[in-house]
Each structure stands twice: as C-alpha cells, then as structure tokens.
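Here's the letter readout for the chains.
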Amino acid sequence: MSNADETPADAPMPAAERFKPLGMEALRALAHPLRVQIMNELSDFGPLTASGLAARLGESSGATSYHLRQLAKHNIIREVEGKGSARERWWEMSPGGVTIGSPETLETPAGREATELVSREWQLNNERRLAAFMRYGLERLGMEWRESASLSTAHLKLTHEQLKAFGEEYFELLDRLTTKYRGQETPGARRTQIQFNAFPLIDAAADDATGDADDRGPGA
C-alpha cells in the first residue's frame, strides 16, 4: 500500500527504491492518527507550515510542529529548501511518497497493528476527499470538472501472481503519467487525487463464485 506524491525527486528514482516500504522504526513513527493526517495534507495539497497545518486540522501549531519534526527524522517528510524562515518553516513530502506493508513489519503483531492504523487513516482520508467532491464539486468547480472526473470499479478472478502483476503494471502507468504532468504550472490546473484499489474480496460464502464484471460509471 502506498501514498505517492508529486514531489519531484532530486534525481530519477528506480521503482524498487521509490516504492520501498517503510521499515519498522519509521512505520512506528508514522502510526499516529495526527501524523498520518499531516502526511495526507502535505501529500494532497502540497507544502504547508506548522501553523497552516494547525489551522487545517484544528490543532495547535506546537503539536503540528512537534509531529512534523518526528516525521522528518524518518525522511517521511522534509523541509522545503529556500522557502520560509527560522520561525516559519515549510514542509513537503519526501520524494516517492510512502509505502507500507513489508514482510518485516507484517510478521509481528506490533507491525500489523501499526500497518492497520496507517491504512485505516489513509482510507478514511480517501473517503473524505471523494465525499467532498461528490457533494460540492459541481457547485464549486462547475460541470466541466465534474464530467472530467472518473469513478471506476472492476471485478476479476485473479491468482495472487496475476494480482501482483496487475498492480505492477498500474504503478508503471501511474509513474509514466505522473512524470508527464508533474510540476506543471498550466493555468487552470488544480491539485488532483488519483485513487486506485485492487484487492481480493473476503467472502467465505461466495469464495468459489466465478465471473468478471465491470461497473464503470460515467464521468462523476
């Protein structure tokens, strides 16, 4: 599971390194609801200060400043070079974003608990972002943006090898497209979130059911 960001790397980063999961120490540091929320804000909306994050999250700037420093210790985020001052530092996601779910972290109860907490916070954030768009997108952005968005769900019967290959091909496509559009300053461009989930459904009653289906709605 990963939360990729458009922060440009200082140099091209191999896919294996870009999606390298956090180790146990870094995962423990991230596994705090407010720290995941801070990471989500920086990933979703770009660089922010501690006071800016505090205003967005309803926290004190002292609290956000402390948690920012803890995240920076593990290179989950980094200070924006050449921006701000000693009193007002700007923070951004480190290149490559965050990936969790390594065998090292999943083999212990503590690691699984931390992974579940981070995953749950990521999913809640995704749901909040999507719900906000569905509720306010047409009113605030207009019909063109509403029709340009896409919501898609597809169902396939796959082996775990095929599911892994599916994800790898998706990340190759995502990497190519994000590289194409990363850092653009085109008039009218807005921060955009791309969500994609591919996972085996857990349903014992229908475990042997077969069939593929696509449920693709129109531009949403």
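All values derive from a computational prediction rather than experimental measurement.

So, how was this worked out
Residues numbered from 1 in each chain as written. Predicted model: local features only at pLDDT ≥ 70, side-chain atom pairs only at ≥ 80, totals over all residues. Heavy atoms only, no water. Helix = DSSP H or I, 4+ residues; strand = E, 2+ residues; numbered from the N terminus. Contact = heavy atoms within 4.5 Å. Buried < 20%, exposed > 50% of the residue type's maximum accessible area, 1.4 Å probe, protein only. Axes fitted to C-alpha atoms, helices over the stretch in contact; angles between N-to-C directions. Parallel < 35°, antiparallel > 145°, perpendicular 65-115°, else oblique. Left-handed = near helix turned anticlockwise from the far one by under 90°. Nonpolar A, V, L, I, M, F, W, Y, C, P; charged D, E, K, R; others polar. Core = buried A, V, L, I, M, F, W, Y, C linked by side-chain atoms within 4.5 Å. Phe/Tyr/Trp six-rings, centres within 6.5 Å; stacked < 30°, edge-to-face > 60°. Lys NZ or Arg CZ within 6 Å of the ring centre and 35° of its normal. pLDDT = per-residue confidence, 0-100. Salt bridge = Lys/Arg side-chain N within 4 Å of Asp/Glu carboxyl O. Patch = residues over 30% accessible without salt bridge, like charges linked within 9 Å, V, L, I, M, F, W, Y side chains within 5 Å. Areas by Shrake-Rupley, 256 points an atom, 1.4 Å probe, with all protein chains shown as cover.

Another point: the side chain of Asn40. Mapped onto the elements, Asn40 comes out in helix 3 (residues 33-45). Look past the residues within four positions of Asn40 in its chain and what remains in contact with it is Asn3, Glu121, Trp122, Asn125 and Arg129.

In this model, Asn75 sits at a positive phi of 60°, which is unusual for a non-glycine residue. By secondary structure assignment, the location of Asn75 is in the loop between helix 5 (61-73) and strand 3 (77-84). Look at Asn75 and you get exposed, because its relative accessible area is 55%.

One way to put it is that helix 3 packs onto helix 7 (residues 109-141) with a least axis distance of 10 Å and a crossing angle of 45°. Between helix 3 and helix 7, the angle is such that the two are oblique. Seen along the crossing, helix 3 lies across helix 7 with a hand that is right-handed. Touching Pro33, Val36, Gln37, Met39, Asn40, Glu41, Asp44 and Phe45 of helix 3 are Leu117, Val118, Glu121, Trp122, Asn125 and Arg129, all from helix 7. For the contact of helix 3 with helix 7, the per-class residue count stands at 7 nonpolar, 3 polar and 4 charged.

With that settled, the discussion passes to the nonpolar core. Leu30, Ile38, Leu42, Leu68, Ile76, Ile77 and Val98 are the most contacted members of the largest nonpolar core, which has 25 residues in total. Those elements that provide at least two residues to this core are helix 2 (24-30), helix 3, helix 4 (50-57), helix 5, strand 4 (89-93) and helix 7. In this view, Ile76 contacts Leu22, Ala26, Leu30, Met39, Leu71, Met93, Ser94 and Val98; residues no more than four positions away in its chain are not counted.

By the definition in use, this model includes 3 aromatic pairs. Ring plane angle 5° and centroid distance 6.1 Å describe the contact between Phe166 and Phe196, whose orientation is recorded as stacked. With Phe166 in helix 9 (residues 160-181) and Phe196 in the loop between helix 9 and strand 7 (213-216), this pair connects stretches of sequence that are 30 residues apart. For Phe196, a relative accessible area of 35% translates into the label partly exposed. Of the aromatic side chains, those joined through ring pairs into one cluster are Phe166, Tyr170, Phe171 and Phe196. Across from the ring centre of Trp90, 3.9 Å away, lies the NZ or CZ of Lys83, which sits over that ring. Over the ring of Tyr136 we find Arg140, and its NZ or CZ is 4.2 Å from the ring centre.

Turning our attention to the confidence of the model for the protein. Confidence in the prediction for the protein averages 86 pLDDT; 85% of positions are at 70 or higher. Per-residue pLDDT stays below 50 along residues 215-220; that stretch engages in 17 contacts with residues further than four places along the chain or on separate chains.

The next point concerns the pattern of salt bridges. Counted by the stated rule, this structure contains 6 salt bridges. One salt bridge connects Arg129 with Glu41, and the closest N-O pair in it is separated by 2.9 Å. With Arg129 in helix 7 and Glu41 in helix 3, the pair connects residues that are 88 residues apart, well separated along the chain. Salt-bridge contacts for Glu116 lead to Arg120; the nearest nitrogen and oxygen are separated by 3.7 Å. Highlighted residues: Glu116 and Arg120, both in helix 7, separated by 4 residues, approximately one helical turn. Taken together, the shared-partner salt bridges connect Glu41, Asp44, Arg56 and Arg129 into one network.

Together, Leu156, Leu158, Phe166 and Phe196 make up a nonpolar patch on the protein surface, roughly 340 Å² of accessible area in all. Owing to a relative accessible area of 36%, Phe166 belongs among the partly exposed residues under this scheme.

So, on to the environment of Glu92. For Glu92, the location among the structural elements is in strand 4. Assessed through its relative accessible area of 15%, Glu92 is described here as buried. The spatial distance from the C-alpha of Glu92 to the C-alpha of Glu79 is 6.2 Å, given a sequence separation of 13 residues.

Our next topic: the packing of helix 3 against helix 5. Between helix 3 and helix 5, whose axes approach to 10 Å, the crossing angle comes to 80°. In terms of axis orientation, helix 3 runs roughly perpendicular to helix 5. Residues Leu34, Arg35, Ile38 and Leu42 of helix 3 lie in contact with helix 5, whose contacting residues are Thr64, Tyr66, His67, Leu68, Gln70 and Leu71. A class-by-class count of the residues in the contact of helix 3 with helix 5 yields 6 nonpolar, 3 polar and 1 charged.

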